[in-house]
Amino acid sequence: ADDLREALKSGRIDVAILDSVFGLERFQHRELLKTEMVLIAPLQSRERTVAELVEGHAICTPSSRTGLGHATMALSHERTANRRHRNQDITAADSLPVIVDLVANHGYISFLGRVSAMPIADKVRIVELEESIPMSYHVAFNHRKAAADACTVIIEAAARITSETVAQTKRQADAGARETAA
């Protein structure tokens, strides 16, 4: 996120999708979408609560330079009074594929926005938090008309994609309910 902010400030890019608009007062921004934070865990994990998962697994967080990374670190620290070496088993990553690999294949857990977790639900277990933690993604852009137009296109595309994902997830859940009833 810091790299994107710096690229936007320097003029190397015109538009950036961010989980926080902190430090971008000179730029215009629009909310891209709202979601809530969820925990992702290995599919084979058996712990039932977020606290048990946090106690029993190393954590891979989005970089602490991001809004999501800050929220994740705060959440994991407030839930981990029993962890003796909590700072020794937290890894930060700037790449969603790296986070997914660490969770799916190496036993880590992580926290993501639901909208980021839904497309990888076949690789990881999505666990609801006990309390809803809302978050949003934003499109920040410079003052050029082309950047504003690109922002509009991105927001419209995200709206289509997320509504299709929600519809597909709902159809899958309905199909699963029918199979269970049969």
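Residues numbered from 1 in each chain as written. Predicted model: local features only at pLDDT ≥ 70, side-chain atom pairs only at ≥ 80, totals over all residues. Heavy atoms only, no water.

Helices and strands together make up the secondary structure of the chain, namely six helices and seven strands. Considering the chain as a whole, with its 182 residues, one finds that 40% of them fall into the buried category. Within the chain, contacts between residues separated by at least 24 positions form 74% of all contacts whose residues are at least 6 apart in sequence. Working note: accessible area of the chain is about 10,300 Å², and carbon and sulfur atoms make up 54% of it. (Helix = DSSP H or I, 4+ residues; strand = E, 2+ residues; numbered from the N terminus. Buried < 20%, exposed > 50% of the residue type's maximum accessible area, 1.4 Å probe, protein only. Contact = heavy atoms within 4.5 Å. Areas by Shrake-Rupley, 256 points an atom, 1.4 Å probe, with all protein chains shown as cover.)

This part is about the pattern of salt bridges. By the definition in use, this model includes five salt bridges. The salt bridge involving Arg114 is made with Glu36; its shortest N-O contact spans 2.2 Å. A residue pair is termed long-range when its members are at least 10 positions apart, and Arg114 in helix H5 (residues 114-117) and Glu36 in strand E2 (residues 28-42) qualify at 78 residues. Judged by relative accessible area, which is 25%, Glu36 ranks as partly exposed. Note that Lys123 and Asp122 form a salt bridge whose closest N and O atoms lie 3.8 Å from each other. A relative accessible area of 42% places Lys123 in the partly exposed class. (Salt bridge = Lys/Arg side-chain N within 4 Å of Asp/Glu carboxyl O.)

Of the residues in the chain, 75% reach a pLDDT of 70 or more, and the chain-wide mean stands at 79. Per-element averaging of pLDDT across the chain places helix H3 (residues 67-78) at the bottom with 53 and strand E6 (residues 124-127) at the top with 96. In this model residues 83-87 is a low-confidence stretch, pLDDT under 50, and it forms eleven contacts with partners more than four residues away in sequence or in other chains. Low pLDDT, under 50, characterises residues 176-182; the predicted model gives this stretch zero contacts beyond four residues in sequence or across chains. (pLDDT = per-residue confidence, 0-100.)

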